[in-house]
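One letter stands for each residue in the lines below.
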Amino acid sequence: EYLTDEPPYKKISGYCRTDKLVFVDYVPARPYLRREVTLSYSLPQSGTLSGSFSTVEKSFLYYGHRYEGTQLYYYVLSGDTFGYVPADRELEYDLNTDYLDYLASVDAAGKAGGALSPAAIAVICIACVAAVAIAVFVVRGKKPPVFEEQTEL
């Protein structure tokens, strides 16, 4: 799910590639980008019928973008309708970077607690040698008793 049903925005649901996501265990200060774009469409000047409607502007709510070949498209909402509109450049906006502090704290905690001390390594090595010795004794087993032949008198 992306966004919430708070007018003028509408929540959308679908699938996304999780390898592109960064999961955190808190709610960011700005969980969603809320951006409005105004697109201008200009009609070509031809003939004697050039009037006041040679340029039309329309505002949309921006949800993202994609490329198809080299053409850029914005995914937008207008009223109750979602769709793609052609664009000539990517939008510039402030990125939500508060997750970088979170990742730095997770990495620092992981590095501090993740290393084994030399004593722990020695204990693990001794336990491995003991396990091998026990396995050798179990595999070889107990030697059967040797009986001497008895002769009859």
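Reading guide: rules and limits
- Residues numbered from 1 in each chain as written.
- Predicted model: local features only at pLDDT ≥ 70, side-chain atom pairs only at ≥ 80, totals over all residues.
- Heavy atoms only, no water.
- Pairing = 2+ DSSP bridges.
- Helix = DSSP H or I, 4+ residues; strand = E, 2+ residues; numbered from the N terminus.
- pLDDT = per-residue confidence, 0-100.
- 1 Å grid on protein atoms, 1.4 Å probe; cavity = no way out; pocket = protein on both sides within 12 Å on 5 of 7 lines; lining within 4 Å.
- Points joined across faces, edges and corners; volume = space filled by probe spheres on them.

A.B. asks: So, the pairing of strand β2 (residues 55–68): which residues are in play, and what are the values?
C.D. replies: Pairing of strand β1 (residues 35–42) with β2, which is carried by eight bridges, proceeds in the antiparallel orientation. Pairing of Ser-42 across the sheet is with Thr-55, part of β2. Here β2 pairs with strand β3 (residues 71–78) via seven bridges, running antiparallel. Across the sheet, the residue bridging to Tyr-67 is Leu-72, located in β3. Where β2 hands over to β3, the hairpin turn is made up of two residues, of which Gly-69 adopts a positive phi near 70°.

A.B. asks: Please give an account of the confidence of the model for the protein chain that cites residues and values.
C.D. replies: With 83% of its residues at a pLDDT of at least 70, the protein chain reaches an overall mean of 82. The least confident element of the protein chain, judged by mean pLDDT, is helix α1 (residues 98–114) at 67; the most confident is β3 at 95.

A.B. asks: Mind laying out the layout of surface pockets, listing which residues take part and the relevant values?
C.D. replies: Empty space within the largest pocket amounts to approximately 1700 Å³. Forming the walls of the largest pocket are 33 residues, and the residues nearest its centre are Tyr-2, Lys-20, Leu-21, Pro-31 and Tyr-32. Listed by contribution, the elements that provide at least two residues to the lining of the largest pocket are β2 and α1. Per element, the largest residue contribution to the lining of the largest pocket is five residues, and it comes from β2.

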